[in-house]
Amino acid sequence: MANLDHLLAQELADISSAGLRRVLRPARKGTGTVFQEPGHSFLNFASNDYLGLASHPAVIESALNAVQQWGAGSGASRLISGSLQIHHDLEDAISAWKGTESSLTFSSGFATALGVIPALVGTGDTVILDKRVHACCVDAARLSGATLRIFRHNDLDSLESILTWANRRRSRNGKDRILIVTESVFSMDGDQAPLAAIIQLKERYGAWLMLDEAHASGLFGVNRSGLARATESQSRIEIQMGTLGKALGSAGGYVAGSRTLVEYLTHKARSFLFSTAPVPAASGAALAGLSILQSQEGARRCERTWEWARMVASHTQPHRPPSSAILPVILGTEERALEASSTLRESGIYVPAIRFPTVSRGSARLRITLNANHTSEQINCLIQALVPILRPTA
Ligand SMILES: *Cc1c(COP(=O)(O)O)cnc(C)c1O
């Protein structure tokens, strides 16, 4: 049997020659508007900290206070001795924000999906995923043992034909669970799902909907909770999920829905049952993040992020207003994306090249994300640096 390192090194060499090698760069600071590596600093257009809350003094202070009061760690899973008051306070705040009866927090958004989907569906059931949902929902759907079907991205006809198939199948096998999983704002394209039409379809076919609001929370609706509430459809969506690690400036994940759903998940979501409770610092930071997000200051921050998104989008997608704070510049090959990213680095700007397997082959891109803490000078710098990249190649 060949030696482990030898085999893996061969695979890594293949990854490198395909232009897909990745390196971890030790940053001194990853959030905020400046990305610092030893010896260099770049304007940061790569973080998902859309409202600039990860470095907000009140969020930091709340994290520190939580550590002082509750300790550095939670000590056990929630069902053993780790269910601290601060977790309950955070869950109350999330339910109020989302307009749901209840919610449950996890250590990450990834862990949320891995816990929730397999708890709700299994062998004989059907999970229907948008082609571009996040890896955590794909992995969770596979783990569940349910039959997996993928509909074309945001394509209602494709979704309906799968629903028709799943509906026929369930009347044959007597199982009655069909779960549709999609995102309200897609993480690598920044576009929105046709939520109202998807809700109509899932109701017509008696399916459930799980909506991942990771990139919509913070940016839509009166209290900035996401597209579900902004479109007043939260009561028609069975399962909402999201992360505390993006606009909320902290870390962790949540599911929000009915009291019964949450009580059920407390018994069945394995990444909740068998994992140490989220650290108090993260819950404390998220509580402060939620409170700022829903305040006047949150409204101002949100408006600023949108203003930057409109300014940059007027160059990257001139005929289309932005639909989120994520602006992709699709360049096609891995080489072109890497080259564009390195050109920007030379001008002191950090915008990552996003490649396979994060996006499909042939759609490598720059992914620009905007943040309320960016200044208009920084935005202008980005726009100037983008000019040669956006110029059509002769
Ligand atoms: C980031 C992300 C997650 C995972 O959340 P984490 O808290 O980072 O684990 C889930 N879904 C989507 C759409 C995401 O973008």
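Keep in mind it's a predicted model, so treat the numbers as computed, not measured.

**Remarks on the site of the ligand**
Stage number 1. Near the ligand, the surroundings consist of 13 residues, among which G109, D212, H215, T243 and K246 are the closest.
Stage number 2. Side-chain polar atom of D212 to a nitrogen atom of the ligand: 2.6 Å apart, as the coordinates give it.
Stage number 3. Side-chain polar atom of T243 to an oxygen atom of the ligand: 2.6 Å apart, as the coordinates give it.
Stage number 4. Summarising the interface, the protein chains cover 84% of the accessible area of the ligand, which totals 380 Å² for the free molecule.
Stage number 5. Looking at side-chain class alone, the shell around the ligand contains three nonpolar, seven polar and three charged residues.

**Section: the side chain of D189**
Stage number 1. Position of D189 among the secondary structure elements: in the loop between β6 (178-183) and α8 (195-204).
Stage number 2. Relative accessible area serves as the criterion here: at 17%, D189 is assigned to the buried category.
Stage number 3. Within polar-contact distance, the side chain of D189 engages the side chain of R132 at 3.1 Å.
Stage number 4. Excluding its chain neighbours within four sequence positions, the residues that come into contact with D189 are R132, I326, P328 and R365.

**Thoughts on the packing of aromatic side chains**
The geometry of an aromatic ring pair comes down to the distance between the two centres and the angle between the two planes.
Stage number 1. Going through the model one piece at a time under the given rule, you end up with four aromatic pairs.
Stage number 2. Ring centres 6.1 Å apart and planes at 70° place the aromatic pair W97 and Y254 in the edge-to-face group. One end of the pair, W97, is in helix α4 (residues 85-98); the other, Y254, is in strand β9 (residues 253-257), with 157 residues separating them in the sequence. The exposure classification of W97 matches that of Y254, with both residues buried.
Stage number 3. Arranged with centres 5.9 Å apart and planes meeting at 65°, the rings of F106 and F272 form a pair that is edge-to-face.

**Let's talk about the pattern of salt bridges**
Note on pairing: side chains with opposite charge can pair once their charged atoms come close.
Stage number 1. The tally for this structure, following the rule as stated, stands at twelve salt bridges.
Stage number 2. Note that E297 and R301 form a salt bridge whose closest N and O atoms lie 2.9 Å from each other. Note that E297 and R301 are positioned in helix α13 (residues 296-316) at a spacing of four residues, about one turn of the helix.
Stage number 3. For E297, a relative accessible area of 25% corresponds to the partly exposed category.
Stage number 4. In the salt-bridge network here, residues are joined through shared partners; they are K202, E203, R236 and E238.

**Quick word on α13**
Stage number 1. Under the 1.5 Å per step criterion, the end-to-end length of α13 is 30 Å for 21 residues, consistent within 8% with the ideal 30 Å.
Stage number 2. Against the buried residues of α13 lie α12 (280-293), β10 (326-332), β13 (364-369) and α15 (376-390).
Stage number 3. Residue S295 occupies the N-cap position of α13, its side-chain oxygen lying 3.2 Å from the main-chain nitrogen of E297.

**Looking at the pairing of β9**
Stage number 1. Of all the five residues making up β9, five are buried; the element is thus mostly covered by neighbouring parts of the structure.
Stage number 2. By the alternation rule, side chains of β9 split into G253, V255 and G257 and Y254 and A256, which are all buried.
Stage number 3. The sheet contact formed by strand β3 (residues 102-106) and β9 spans five bridges and is antiparallel. Residue pairing across strands places T105 opposite Y254, the latter belonging to β9.
Stage number 4. Pairing of strand β8 (residues 239-243) with β9, which is carried by four bridges, proceeds in the antiparallel orientation. Counterpart to T243 in the pairing with β9 is G253.

Calculation rules
- The residue numbering used here restarts from 1 in each chain and proceeds along that chain's sequence as written.
- Thresholds applied to this predicted model are a pLDDT of at least 70 for local features of residues and 80 or more for the giving and counting of side-chain atom pairs; totals over whole chains, interfaces and linings are not thresholded and use all residues.
- The side-chain values count all of the structure's non-hydrogen atoms but skip hydrogen atoms and water molecules.
- Throughout this document, a residue counts as near a molecule or strand when at least one of its heavy atoms sits within 4 Å of that molecule or strand.
- Polar contacts, as counted here, are pairs of nitrogen or oxygen atoms within 3.5 Å of one another; within protein the pair requires one atom able to donate a hydrogen and one able to accept it, and residues that are adjacent in sequence qualify only if both atoms are side-chain atoms.
- Here the Shrake-Rupley method, with its probe set to 1.4 Å, supplies the accessible areas, and only the displayed protein chains count as covering residues.
- In this classification, the charged set is Asp, Glu, Lys and Arg, the nonpolar set is Ala, Val, Leu, Ile, Met, Phe, Trp, Tyr, Cys and Pro, and all remaining amino acids, among them Gly, are polar.
- Helix numbering and strand numbering both begin at the N terminus, where a helix is a DSSP run of H or I of at least 4 residues and a strand a DSSP run of E of at least 2.
- Burial classification: accessible surface area is computed with a 1.4 Å probe over protein chains only, and a residue below 20% of its type maximum counts as buried, one above 50% as exposed, and the rest as partly exposed.
- Contact criterion: two residues are considered in contact whenever any of their non-hydrogen atoms come within 4.5 Å of each other.
- The pairing test for Phe, Tyr and Trp rings, Trp by its six-membered ring, is centres within 6.5 Å, and the orientation test on the planes gives stacked under 30 degrees, edge-to-face over 60, and tilted for anything in between.
- Only one rule defines a salt bridge in this text: a Lys or Arg side-chain nitrogen within 4 Å of an Asp or Glu carboxyl oxygen.
- One fewer than the residue count of a helix, multiplied by 1.5 Å, yields its expected span.
- By the convention used here, strands pair only if DSSP detects at least 2 bridges between them.

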